[in-house]
Amino acid sequence: MFMFRNCAVLLVIGSICCFIYGLFRLRVEVEPNACRMTYMFGEPMFAKVGVKDGDQYPNYGLYYYYEGLRQPLDPLRRRMTGAPVIFVPGNAGSYKQVRSLASVALRKAMSNDAGIHLDYYTIDYDEELSALYGGYLPRQRNYLKLCIRTILSIYEGRTEQPSIVLIGHSMGGKLAQSVLVDPAIGQHINTIISISTPLDQPVLNLDAQLEEFYDQTDAVLSKLRTATVPTMTTNVCDSLHQRPPNVQRMASKDSSARLDNVLLISTGGGNRDLLVRPGLTSSRFNDLHAMTSAIPKVSLSCDHLSAVWCLQFMQAINRFLFSVAYVRDDRSSIAFGTNKQRNLQSALSTFVKPRRRQQNTVRFGAAGNWHEERRLVINKFFTNGLKGTFFDLIGLQRQERYRKAAIEALNVDDEDWLFGCSAEDHNKTGQLYCEKATSLMHLVQWLPNEDRDPRSVALLDLHNLRKTYVHWTHLLVRLPPSAKRIGYNLDIYDPKERVADIKMPRWYTISKLPLINETLQGTLHHRLRISEMVDPYQSIRVIVEPLQCISPEYRVTARICVPWAAGYERYQTLKSFDQKPQLYVNVPTLVPRHYNTTLNPVTLDLYLDPTCRYRISYEYSYSSALSRLVLEFYGWLPAHLVCVLLIVLRKQVETFHDVGTFRSLRPYVGYLQYTSLYIVTACRLLKKLIISSRVFPEPEPLDYSINVSIVIHCAAIALSLLATLGTWLALTLYGNAFYRLALRITRLSQATSNVMISIMTHLPITYGILTIATAMGTCSGVGLLLAFVFYFLMLSNAYKDYLEDFLWQKAANLVRGKPSAVAGPEPSNGEDSTEEQTAERKALEQKDEQQQQQEEEDPEPCVGLQNFSFHVTLLLMLLMQLLLNAPSSLAWLRSRRHGIQLPDPSLYPSIVVLASLSLLLQLRAPQKCQGHWMLSMVFYVLAGVVLLYCQAAIYRLTYVIAGAFALLSAHQSLWILWRRVSQV
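Residues numbered from 1 in each chain as written. Predicted model: local features only at pLDDT ≥ 70, side-chain atom pairs only at ≥ 80, totals over all residues. Heavy atoms only, no water.

As recorded in an unreviewed UniProt entry, the chain goes by the name GPI inositol-deacylase, listed as coming from Drosophila yakuba. As stated in UniProt under Subcellular location (unreviewed entry), the record for the chain gives "Endoplasmic reticulum membrane". Per UniProt, the comment on the chain under Function (unreviewed entry) is "Involved in inositol deacylation of GPI-anchored proteins which plays important roles in the quality control and ER-associated degradation of GPI-anchored proteins." (UniProt positions renumbered as here; feature names shortened; annotations may be inferred.)

Given below as structure tokens:
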């Protein structure tokens with residue numbers, strides 16, 4: 001047992017260190033911000049648009065964006081001819097965030113020969129915290145519907161009803177998706193583009209209304225729209241455009257056909273976005289998902305705020321919108337095309353990969369500079385450019401093992417440069433040439449290369465080409481005339497030599513594992529297939545170390561593809577020796593159940609600089625794994641902290657120290673424990689039993705490794721210790737400072753506050769009445785804050801009084817024991833003492849010994865406010881309840897300005913907590929009671945409920961805390977009542 005306790009202590013300390021290390025290494029994978037700022041060429045102007053029936057939303061507004069005009073513009077009185085776009089801001093977002101999108105659209109319209117232009121509208125939601133408080137979302141959705149109807153009325157004079165594009169940032173994307181629940185609105189929506197939006201689940205589920213909003217939206221969409229979910233056989237890495245198959249059919253074909261006409265596009269910011277992690281930005285109802293690092297001509301990661309002003313990204317969005325807009329036949333106005341398949345192809349071309357149609361024949365003739373190459377490795381460049389077109393013929397007839405070819409062209413821009421053909425000899429010159437050829441540009445992919453030469457790469461299967469096109473003899477590389485450096489690289493290889501299968505290293509694997517000691521000169525492509533990578537916190541660090549390069553700079557582009565997660569293709573780039581030669585590989589979402597990662601592994605394609613030789617190795621990345629663990633699972637901390645407090649409270653209910661002992665002064669009694677770790681492991685087994693029995697509600701589907709739960713739980717244990725010590729220091733040293741602060745906030749005089757504290761100390765039931773009345777008259781957070789302040793001051797005063805009595809008692813004991821300790825020697829040799837004095841002294845000593853013996857036999861336990869460890873735990877649980885109510889309290893404060901009534905989701909649990917706390921103080925709890933073992937068992941059950949049902953749904957903790965307070969007060973009340981009845 002002793003050894004197990006030591007191991008548990010080491011486990012707790014190690015887990016705490018891991019969590020703190022991951023907290024400080026959150027930005028280990030974050031790349032520098034490469035976004036270019038978007039500038040306006042005219043003064044940004046916002047014209048307020050009157051919304052019909054918008055008076056019930058006094059703090060909201062609809063605006064039209066324009067630039068440079070001095071006179072005010074009213075869209076309701078002016079004929080609007082552009083295609084309408086509505087920008088929906090998100091959590092704490094401003095309507096002015098539309099400036100970058102709209103300004104880029106205005107500039108693009110000026111250079112558009114077809115006369116296409118867009119009308120941008122934006123909504124002012126008063127910068128409400130919609131991600132933290134779900135009571136805002138129904139109001140914002142209803143106002144968005146009114147705005148859509150208003151904008152439709154502006155364009156109602158057209159021959160056909162216009163369709164609208166919605167662009168939502170953060171929670172605005174979820175609001176845009178939620179309007180599809182209303183079919184009358186959904187039929188007028190053309191496309192919805194969500195930017196860094198948590199679509200299928202919130203980042204933090206802080207209240208029941210937020211969860212209800214998500215559930216209602218998903219429930220209706222699942223009936224009215226086709227869902228796309230990964231299966232055991234899904235592998236989007238085998239598909240060129242990452243299009244997973246639809247595996248769920250619609251219940252209603254009519255309504256499905258109507259809502260399936262809406263194009264849903266979602267985008268994620270990548271590793272720079274620490275607010276909305278990439279795994280939350282996709283939805284099963286989407287048609288297309290893309291990360292900004294993989295979008296052509298963007299190729300960078302955006303943080304949560306820069307996603308609405310990043311110039312490269314804004315240009316990509318407007319490029320798509322202009323591609324799906326057209327001028328009506330009467331040239332009276334602009335509209336968005338309603339052909340979803342055509343719009344989807346435009347979206348794929350913009351956000352995934354520019355598509356090219358395979359051309360049947362392209363005629364060249366014998367004119368030009370023609371050459372034939374038979375080598376396996378070619379590096380051919382023209383430093384000063386080319387004056388004429390250059391043709392290189394690459395023979396397809398190779399040894400059977402050379403099945404693959406990687407071809408890279410630099411600085412060819414958008415030219416067609418790769419073809420297949422049947423070569424023939426020229427009659428006069430005898431040189432080999434192709435009269436006609438077939439384009440293979442649909443097999444070419446553009447790789448991000450930052451500010452250096454654009455890279456175009458094609459991976460070809462020569463065996464399949466020979467089998468499919470029997471008459472072909474050569475591949476043709478055509479380099480167009482250029483004033484810049486231009487050329488191409490060729491690498492023909494045996495695929496067995498370039499594909500490496502590795503397993504995800506275990507977390508205890510410390511050493512670096514070699515993969516390739518040295519690549520050959522001219523190697524262009526290597527592929528790593530990583531199996532058993534299933535959790536989003538797992539991470540591999542791949543080291544691509546250049547050993548020798550011809551030039552001082554090199555380029556390595558890595559493409560990461562997760563087979564079960566469509567749209568999460570990512571790119572990373574290495575370009576200089578000053579940069580650490582490392583790449584991080586991880587997955588954004590948990591692997592689906594029963595998915596075989598050996599057959600469908602995560603793939604890492606390395607596109608190397610052929611002028612270098614490399615050493616490639618890999619290792620388990622602790623810094624990346626721990627930072628991702630913190631980023632993915634920090635939302636579990638409140639649940640684990642409440643679980644720890646419940647286990648501590650269970651111990652404190654049955655532990656009473658004696659008055660006047662040093663142990664009674666310690667506030668951390670019960671906190672140095674590891675018993676709560678048993679709850680973590682037991683809940684893993686209990687979860688399986690609950691699912692199989694189908695008697696109780698199904699627990700949260702959090703199928704992660706137990707290592708995650710242990711690290712988070714140990715961090716919660718450490719946090720509880722720090723909170724306890726901090727509370728003790730505040731009670732001891734800063735009680736007066738908090739008292740003065742409370743006086744300043746409440747604006748009460750010192751005499752009044754002393755009277756109130758005295759009344760609440762001697763008659764705590766008034767404490768409950770006051771706080772409950774405050775909670776019902778304002779909001780639950782205000783009542784909890786008032787209760788916390790007075791409870792803290794009561795504890796501070798009680799602790800100081802007890803500490804003063806304790807010190808006086810110790811001093812009195814020292815003084816009382818001084819005569820016997822420092823008494824002189826017994827009188828002798830002439831110093832006489834009377835018999836009466838001797839007898840009196842012996843009687844006093846005997847009396848003191850009897851009194852001391854009686855105190856030792858019947859010591860007085862610490863009850864009521866003297867049991868400080870118990871009340872510190874209750875204070876921390878009250879603080880947890882207060883923090884969980886903070887979002888609704890902020891919403892109440894903001895709504896007071898406009899006289900808006902918002903629901904208080906935690907009012908009833910807070911009333912239970914306040915009433916139970918006042919009753920506990922009135923009963924001078926804790927008292928030594930029988931039946932505490934039953935209360936301990938109930939607390940064990942509550943701790944299990946927290947871990948099974950409250951890790952993701954954080955708002956449920958308010959009910960658990962209320963239940964714990966109610967059980968404590970009921971237990972103490974029943975025992976005192978039974979004791980009094982038994983005495984009668």
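The side-chain alternation of strand β8 (residues 288-291) yields two buried faces, one formed by Leu288 and Ala290 and the other by His289 and Met291. Pairing between strand β7 (residues 263-268) and β8: four bridges, direction parallel. Within β8, the position partnered with Ser266 by the bridge is His289. (Buried < 20%, exposed > 50% of the residue type's maximum accessible area, 1.4 Å probe, protein only. Helix = DSSP H or I, 4+ residues; strand = E, 2+ residues; numbered from the N terminus. Pairing = 2+ DSSP bridges.)

A few words now on helix α14 (residues 676-693). With 18 residues, α14 should reach 26 Å at 1.5 Å per residue; the first-to-last C-alpha distance of 25 Å fits that figure. Within α14, the axis deviates most sharply at Cys683, by approximately 30°. When α14 is considered as a whole, its buried residues turn out to be Ser676, Leu677, Ile679, Val680, Cys683, Lys687 and Ile690. (Expected span 1.5 Å × (residues − 1). Bend = angle between axes of the 7 residues up to and from the residue.)

Take the packing of aromatic side chains next. As enumerated under the stated definition, the model contains 30 aromatic pairs in all. For the pair Phe46 and Tyr95, a centre-to-centre distance of 5.2 Å together with 80° between the ring planes defines the contact as edge-to-face. Taken together, the residues span a long stretch of sequence, with Phe46 in strand β1 (residues 44-49) and Tyr95 in the loop between β3 (83-88) and α2 (99-110) at a distance of 49 residues. Residue Phe46 is classed as partly exposed on the basis of its relative accessible area, which comes to 22%. Judged by its relative accessible area of 15%, Tyr95 falls in the buried class. An aromatic cluster of three or more residues is present, and its members are Phe364, Trp370, Phe391, Phe419 and Tyr433. The ring of Phe322 is capped by Lys108, whose NZ or CZ atom sits 5.6 Å from the centre of that ring. The aromatic ring of Phe381 is capped on one face by Arg485, whose charged end is 4.4 Å from the ring centroid. (Phe/Tyr/Trp six-rings, centres within 6.5 Å; stacked < 30°, edge-to-face > 60°. Lys NZ or Arg CZ within 6 Å of the ring centre and 35° of its normal.)

Take unusual backbone geometry next. For the bond running from Ala925 to Pro926, omega is 5°, close enough to zero to count as cis. Along the chain, Pro926 turns up in the loop between α24 (907-922) and α25 (932-949). Even without a glycine there, the phi angle at Asn411 is positive, about 60°. Summarising the element assignment, Asn411 is placed in the loop between β15 (404-410) and β16 (418-421). Its relative accessible area of 5% is what places Asn411 among the buried residues.

Annotation from UniProt places "transmembrane region" (unreviewed entry) at residues 710-734, 765-793, 868-886, 907-925, 931-950 and 957-978. When the span residues 907-925 is considered, its composition is 84% helix and 0% strand, and the gap between its end C-alpha atoms is 25 Å. Between the C-alpha atoms that bound residues 957-978 there is a distance of 31 Å. The span itself is 100% helix and 0% strand.

The next subject is the state of the cysteines. One pass over the structure, following the stated rule, counts four disulfides. Here Cys35 pairs with Cys310 through a disulfide, and the sulfurs are 2.4 Å apart. Between Cys35 and Cys310 the disulfide shows an S-S torsion of about -95°. By sign, it is left-handed. In this pair, Cys35 is assigned in the loop between α1 (2-24) and β1 and Cys310 in the loop between β8 and α8 (311-324), connecting sequence segments 275 residues apart. The class of Cys35 is buried, set by a relative accessible area of 13%. (Disulfide = S-S within 2.5 Å.)

Attention now moves to the sheet that holds strand β12 (residues 369-373). One open sheet holds the six strands; their spatial order is β11-β19-β16-β22-β14-β12, and the pairing between them is mixed. Edge strands, defined here as strands with exactly one partner in the open sheet, are β11 (362-363) and β12. Relative to strand β14 (residues 390-395), β12 runs parallel, the two being bridged by five bridges. Looking across to β14, one finds that Glu372 is bridged to Leu393.

This paragraph deals with the environment of Ser94. By secondary structure assignment, the location of Ser94 is in the loop between β3 and α2. For Ser94, a relative accessible area of 18% translates into the label buried. On a C-alpha basis, the gap between Ser94 and Asp124 in space is 6.4 Å, while along the polypeptide they are 30 residues apart. When near neighbours in sequence (up to four residues on either side) are disregarded, Ser94 contacts Phe87, Pro89 and Glu127. At 3.1 Å, the side chain of Ser94 forms a polar contact with the backbone nitrogen of Lys96. (Contact = heavy atoms within 4.5 Å. Polar contact = N/O pair within 3.5 Å; in protein donor to acceptor, adjacent residues only side chain to side chain.)

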